[in-house]
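Fold and geometry: a report
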Amino acid sequence: MSNKYLDIAMEKVMKQEVNAVLDKIRAEIDGQYKWLINTRYTIRDVDIAFGNIFWIIDKYKAESEPQERSE
């Protein structure tokens, strides 16, 4: 049985959690951006920065997926 108010509250909590994770991702990506701006960057540096950005996204994606139990 569903409660309309409980559903609304749960939706708000979920949005807050998603926004918190997105804020963390943004902060880490911003760090990569600042590192890149503060260097006399080459194509290799840009490649490293984008690789790190993809790693950041993958890290948070992996944290959000259910963990499989190995038995």
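See above for the structure.
This text gives an overview of the structure that appears in the document. (Residues numbered from 1 in each chain as written. Predicted model: local features only at pLDDT ≥ 70, side-chain atom pairs only at ≥ 80, totals over all residues. Heavy atoms only, no water.)

Moving on, we come to the overall build of the protein chain. Per the secondary structure count, the protein chain includes two helices and zero strands. The C-alpha radius of gyration of the protein chain comes to 18 Å, more than 25% above the 11 Å expected for a compact globule of 71 residues. With the C-alpha coordinates aligned to their principal axes, the bounding extent of the protein chain is approximately 60 × 35 × 10 Å. Here the protein chain holds 71 residues, and 11% of them are scored as buried. When the accessible surface of the protein chain is totalled, it reaches about 6700 Å², and 58% of it is carbon and sulfur. In the protein chain, 11 positive and 13 negative side-chain charges are present, and the distance between their average locations comes to 6 Å. (Helix = DSSP H or I, 4+ residues; strand = E, 2+ residues; numbered from the N terminus. Rg over C-alpha atoms; globule rule 2.2 N^0.38 Å. Buried < 20%, exposed > 50% of the residue type's maximum accessible area, 1.4 Å probe, protein only. Areas by Shrake-Rupley, 256 points an atom, 1.4 Å probe, with all protein chains shown as cover. Lys, Arg positive; Asp, Glu negative; His and termini not counted. Charge placed at Lys NZ, Arg CZ, Asp CG, Glu CD.)

Turning our eyes to something else, we now look at the side chain of Gln 32. Counting through the fold element by element, Gln 32 comes out in helix α1 (residues 4-37). Once you skip the residues sitting within four places of it in the chain, Gln 32 turns out to touch Ala 49, Asn 52, Ile 53 and Ile 56. (Contact = heavy atoms within 4.5 Å.)

A few words on a nonpolar patch on the surface. A cluster of nonpolar side chains, contributed by Tyr 33, Ile 37 and Tyr 41, occupies part of the molecular surface with about 350 Å² of accessible area. Within the fold, Tyr 41 resides in the loop between α1 and α2 (43-64). Judged by relative accessible area, which is 47%, Tyr 41 ranks as partly exposed. (Patch = residues over 30% accessible without salt bridge, like charges linked within 9 Å, V, L, I, M, F, W, Y side chains within 5 Å. Salt bridge = Lys/Arg side-chain N within 4 Å of Asp/Glu carboxyl O.)

Counted at 1.5 Å a residue, the expected span for α2 with its 22 residues is 32 Å, and the 32 Å between its end C-alpha atoms agrees. Looking at α2, one finds that the buried residues are Asp 45, Ala 49, Ile 53, Ile 56 and Tyr 60. Taken down its axis, α2 places every buried residue within 85° of arc, on the same side. Away from its buried face by more than 90 degrees, α2 exposes Ile 43, Arg 44, Asp 47, Phe 54 and Trp 55. Among the structural elements, α1 are those in contact with the buried residues of α2. (Expected span 1.5 Å × (residues − 1). Arc of directions from axis to C-beta.)

The subject of this paragraph is the pattern of salt bridges. Applying the stated criterion to the full structure yields three salt bridges. Glu 28 is paired through a salt bridge with Lys 59; the nearest N and O atoms lie 3.2 Å apart. Here Glu 28, found in helix α1, pairs with Lys 59, found in helix α2; they are 31 residues apart in sequence, far enough to count as distant. Exposure remark for Lys 59: the relative accessible area of 25% places this residue in the partly exposed category.

Before going further, it helps to spend a moment on the environment of Gln 16. Within the fold, Gln 16 resides in helix α1. Separated by 16 residues in sequence, Gln 16 and Gln 32 have C-alpha atoms that sit 25 Å apart.

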